[in-house]
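# Structure assessment
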Amino acid sequence: MNFRNLNTAHLSAALHRGSGQVVVCLLVSLFLFLFTTGCSTTKHVPEGQTILQKVQLKCDNKHVKPSDYRIYVRQEPNAKWFSLFKVPLGFYNMSGSDSTKRWNRFIRRLGEAPVCYSPSLTEVSRQGLQSALQANGYLHGKVYVDTLTRGRKTRVTYTLHPGPRYYINRLTYTFDNDSVRSDVLADTLNTLLRRGAPLTGDLLSSERNRIIRSLRAKGYYMLNKEYISYTADTTYNNQGVNLTLHFARPDGLVEQGDYDTYRIRKVTVYEDVEPDDTAATHSNLGPLRFHHKGRIKVHRRVYSRHLYVQADSLYREPLVQNTYTALGGLSAIAFSSVRMNKVDSIPGLLDCQVNVRTNKPHTLGLSLEGTNTSGDLGAAVALTYSGCNFMHGSELLTVKLRGAYEAIRGLEGYAGQDYIEYSGEVGLQFPTFRFPGISHKKKQQLKASSILTLLYNSQNRPEFHRRLLTAGWGYKWQDSKHPSARHRFDLINVNYIFMPWISDKFRKEYLEGDDPHYAILRYSYENLLIMNMAYNFIYNSQQRRGPMANIPGAGGYQIKVGAETAGNLLHGIASAAKLHRDAEGRYNVLGIAYSQYAKFDFDYAGTLAFDDRNSLAFHTAIGVVVPYGNSSIVPYEKRYFSGGANSVRGWSVRGLGPGGYKGTDGRIDFINQTGNIRLDLSVEYRTRLFWKFAGAVFVDAGNVWNIRDYPDQPNGVFRFNNFYRQIAVAYGLGIRFNLDYFVLRFDGGMKAVNPSYTSQRQHFPIIHPKFKRDFTFHFAVGLPF
């Protein structure tokens, strides 16, 4: 939870419009130059060869998508920016023919050499496509190739002829071991090979893996997928296949005890020592054995809680995987491995060897950053300490001290012209689920961490001084069945925000009196008490199909869901105790009216990759926060804003909304331009340019609205019959510089639809654009979504 930026005006990364105009002009000029230079695409094509101009896939079966098989094409034409222009080839063609010159070598590294047509790679592609068709159930599928050469350019067309698809008609089994037969047949209810299922290689492989996993979970340590094979009889009818699954030893394998079920004799942990280290110290915790150097670094009970493999128990593969996951989640451990060794003298027994390498116990980091708050420049320094084994129980202690300074300009009537901030934050993460009454077995099943957080933040501005105290206790965990799903539950989070000093000038101008136009502003500068409970869920899908397969970092989607409530516990206590209400009908705790609200957020981001250079990203974010009970206004920190580098990029941060509201006072509009309802929609076409640079074309839409009609935010309330007219739209271009550890992003957005105006000329700036008025330049770190 971040409460630090309440009163620092627009925290926009937008730069001066003149600078943005220069950047855009340079980009356009560079693009036009490269486009015209690259027109001679065969400049560096060797004699006797042709450039591969285009590759096309066709199919005579409407149920088969050619794009799903594109990954099997082994030779593609030169890359295109935004799938339109071969600019990298244009870069390369800017170079001269003398490759010994440094300038020519440099230009060629930035660009891409011409792809010359290769008959051998074309044949490899044809065979790969045909094999893929047959593995997908089209057993008699064929692929034909047509080439067309004109001048020094060649086009290649692959035509897919799948033929009929084959399906499973009947499944039978053969076994060479009765115990395995019994266990496999007892689990046929979960088989993937059902009648009517398409006969695909992926399906057969998945069933093979499922059976082996099931058997290894029952103690069959020696078995692997090589024991399973298939034969298919296609003579049943035109498209039906009688399938036989064979479970037998692979040819030539004579392995003693391969069909035995194994038990674990002993479990030994080797902490920072090798198994053959005779100088290691030995110790025990019940049946669990330890070898370590001197005093053991991580408590034995911590190992015991995170080792799912137990002595004198049946070998189960899932417990081994759970052990890997549990040890990997301990901050004190850098690396771990689990190895099973057969006991030669006693058949059917295994010794479990757990090798552990611990992390450095202490780390210290220093970071410097520049700040720009509405043109006020400054700097910040942060010192961070981490102790990964704080109390020898793999507790992670983090301490962060931060200080910031900004020179504030343009504030009239204030004595001080500086902004000073300093803060201290302490976090302590325990590697287990800590809650009264939870058993050890249940804690193992939950695989959760417990987190304690404490924060103190101080901000001194010329207009006011502000302090924040935060304390929280929560949990985070991953779903064992769905590792891509992450959960966090903040059981309790208490935030106390108070204003020890407000200047007389600021108080008289905005805070004193009963002017309803400053209601939200006055509430934002009151002392606040927020006691909330929150749950957050994140799911990352790495599943890639069709054209997204085998493309690192592309494809898939992410879902975020959050729910939060505040003030309910305090309200229940105050109501039961029949505490006195103030003049505004609110309960007070320690003289402060606590906040009460409910909040819900949904965020979806997905990427569709067309090839290894081009992808389409899309984003949807919806949020609503409702004040009730003890509150009529939501605290500023919990309200939504629109505009900025991660929202509608035609506006600066907090420069849009709510609804059709038009800001008039830049000193307070950063508070007024907030709302209770949020909508963000974005589509972004991304392309890899050259070296570490990538580009993007984007369209953003969205706004924020209020649930209630506040006098200081005219036209800001959400109405079903009108909200769609108040959705702002922006479009633009972006450049991204990938430095491996982080991405620097430069986006230029233009307003297309401006809901703050009703006249057609101003409401639709896309029809009547003015660069100085409509353009906003953003600098940010990381992708927008």
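Treat the numbers as computed from the prediction; the structure is a model and nothing was measured.

Before going further, it helps to examine the sheet that holds strand β2 (residues 51-59). One open sheet holds the 3 strands; their spatial order is β2-β4-β3, and the pairing between them is mixed. Each of the sheet's edge strands pairs with one partner strand only, and the pair in question is β2 and β3 (142-150). Averaged over neighbouring strand pairs, the angle between their axes works out to 15° when direction is ignored. In the packing of helix α4 (residues 119-135) onto the sheet, contacts are made with β2, β3 and β4 (153-161), and the angle to β3 comes to roughly 150°.

In this section: the packing of aromatic side chains. Each aromatic ring pair is specified by the distance between its two centres and by the angle formed by the two planes. This structure, assessed with the given rule, holds 32 aromatic pairs. Ring centres of Y173 and F175 lie 5.9 Å apart, and the angle between their planes is 10°; this geometry places the pair in the stacked category. Each ring, one from W705 and one from F718, has its centre 5.7 Å from the other, and the planes form 85°; the classification is edge-to-face. One end of the pair, W705, is in strand β28 (residues 693-705); the other, F718, is in the loop between β28 and β29 (728-738), with 13 residues separating them in the sequence. Looking at W705, the relative accessible area reads 1%, which means it is buried. Through a chain of ring-to-ring contacts, three or more aromatic side chains come together here, namely Y173, F175, Y227, F247 and Y259. Between the NZ or CZ atom of R649 and the centre of the ring of F698, over which it lies, the distance is 3.8 Å.

Looking only at helix α3 (residues 102-110), the buried set comprises N104, I107 and L110. Mapping the buried residues of α3 onto a view down its axis gives an arc of 125°, with all of them on the same face. In α3, the exposed positions that point more than 90 degrees away from the buried face belong to R102 and R109. Buried residues in α3 make contact with α2 (87-93) and β27 (677-690).

If you look at the biggest cluster of nonpolar residues, it comprises 27 residues, and the most contacted ones within it are V267, Y303 and M340. Elements supplying a minimum of two residues to this core: β8 (263-271), β10 (288-292), α7 (300-306), α8 (317-328), β12 (333-342) and β13 (349-358). Looking at which element gives the most residues to this core, the answer is β13, with 4 residues. In this structure, M340 is in contact with Y221, I264, V309, Y315, V320, L350, D351 and C352, ignoring residues within four places of it in sequence. Judged by nonpolar contacts, the second largest core, of 23 residues, contains V184, L193, Y220 and Y227.

Further remarks concern the pattern of salt bridges. Per the stated rule, a full pass over the model turns up 30 salt bridges. One salt bridge connects D747 with R745, and the closest N-O pair in it is separated by 2.6 Å. Since its relative accessible area comes to 0%, D747 is described here as buried. Its relative accessible area of 1% is what places R745 among the buried residues. Here the salt bridges share partners, and the residues they tie into one network are R649, E684, R686, D700, R736, R745 and D747.

Right, let's get into the side chain of N242. Take N242: it is sitting in strand β7 (residues 240-247). Polar contacts involving the side chain of N242 include one to the side chain of N169, which spans 2.8 Å.

This part covers the confidence of the model for the chain. Per-residue confidence for the chain averages 86 on the pLDDT scale, and 89% of its residues sit at or above 70. In this model, residues 1-23 is a region of pLDDT below 50 whose contacts with residues beyond four sequence positions or in other chains number 74 contacts.

Moving on: the environment of L121. Relative to the assigned elements, L121 resides in helix α4. The class of L121 is partly exposed, set by a relative accessible area of 33%. The contact partners of L121, leaving out residues within four places of it in the chain, are R74 and Q75.

The probe, sized like a water molecule, is rolled over the atoms to show the empty space still left. In the structure shown here, the tally under the stated rule is 3 cavities of 30 Å³ or more. The element best represented in the lining of the largest cavity is α7, accounting for 4 residues. Considering only residue class, the lining of the largest cavity consists of 3 nonpolar, 3 polar and 4 charged. In this structure, the second largest cavity spans a volume of roughly 40 Å³.

Cut-offs and rules
Residues numbered from 1 in each chain as written. Predicted model: local features only at pLDDT ≥ 70, side-chain atom pairs only at ≥ 80, totals over all residues. Heavy atoms only, no water. Pairing = 2+ DSSP bridges. Helix = DSSP H or I, 4+ residues; strand = E, 2+ residues; numbered from the N terminus. Axes fitted to C-alpha atoms, helices over the stretch in contact; angles between N-to-C directions. Contact = heavy atoms within 4.5 Å. Phe/Tyr/Trp six-rings, centres within 6.5 Å; stacked < 30°, edge-to-face > 60°. Buried < 20%, exposed > 50% of the residue type's maximum accessible area, 1.4 Å probe, protein only. Lys NZ or Arg CZ within 6 Å of the ring centre and 35° of its normal. Arc of directions from axis to C-beta. Core = buried A, V, L, I, M, F, W, Y, C linked by side-chain atoms within 4.5 Å. Salt bridge = Lys/Arg side-chain N within 4 Å of Asp/Glu carboxyl O. Polar contact = N/O pair within 3.5 Å; in protein donor to acceptor, adjacent residues only side chain to side chain. pLDDT = per-residue confidence, 0-100. 1 Å grid on protein atoms, 1.4 Å probe; cavity = no way out; pocket = protein on both sides within 12 Å on 5 of 7 lines; lining within 4 Å. Points joined across faces, edges and corners; volume = space filled by probe spheres on them. Nonpolar A, V, L, I, M, F, W, Y, C, P; charged D, E, K, R; others polar.

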